[in-house]
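Architecture at a glance
Each chain is listed here by its residues.
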Amino acid sequence: MNQTLLPAEVIVADSGLNADISRRVKEISDCAAGLANVKYVVIRDVLAGNERNIAATHCTRKWIAFLDDDDEWYP
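Residues numbered from 1 in each chain as written. Predicted model: local features only at pLDDT ≥ 70, side-chain atom pairs only at ≥ 80, totals over all residues. Heavy atoms only, no water.

Here we look at the environment of Leu17
Heads up, the condition is: Here a helix means four or more residues in a row that DSSP labels H or I, a strand means two or more in a row labelled E, and each is numbered from the N terminus. Accessibility here uses a 1.4 Å probe with only protein chains present; expressed as a share of the type maximum, an area under 20% marks a residue as buried, one over 50% as exposed, and anything in between as partly exposed.
Tracing the backbone shows Leu17 in the loop between β1 (10-14) and α1 (19-32). With relative accessibility at 80%, the residue Leu17 sits in the exposed group. Residues Leu17 and Ile43, spaced 26 residues apart in sequence, show a C-alpha to C-alpha distance of 10.0 Å.

If you want it as C-alpha cells, here you go:
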C-alpha cells in the first residue's frame, strides 16, 4: 500500500496449508478492504504451483503483478 500508485485491486489467495495463518491472513484482508479493492480467495485441492493461475482468474484488470509470501516490495 506504500507504492507510488496504489493497486486498483488486490487478490489474496489462501491455499489453506496452515489454519492459523489462514485465519490471520483473512483478518488482515478484511482490514485492508477499506484501502483498496481487496478480494480474499480460498484455493483448495489444486496442484502445487497452480494457485497463481487460479488467483489470476479472479483479476479484472489488464496488468497483474505477483507477490508471494517470501517476496517484498519496497516503497
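Remarks on the environment of Pro7
Relative to the helices and strands, Pro7 resides in the segment before β1. Expressed as a C-alpha distance, the spacing of Pro7 and Asn37, which sit 30 residues apart in the sequence, is 8.1 Å.

As for the confidence of the model for the protein chain
Stated precisely, the cut-off is as follows: The predictor attaches a confidence to each residue, and that confidence, scored 0 to 100, is pLDDT.
Per-residue pLDDT for the protein chain has a mean of 80; in total, 91% of the residues score no lower than 70. Per-residue pLDDT, averaged within each element of the protein chain, yields its smallest value for α1 (81) and its largest for helix α2 (residues 51-56) (86).

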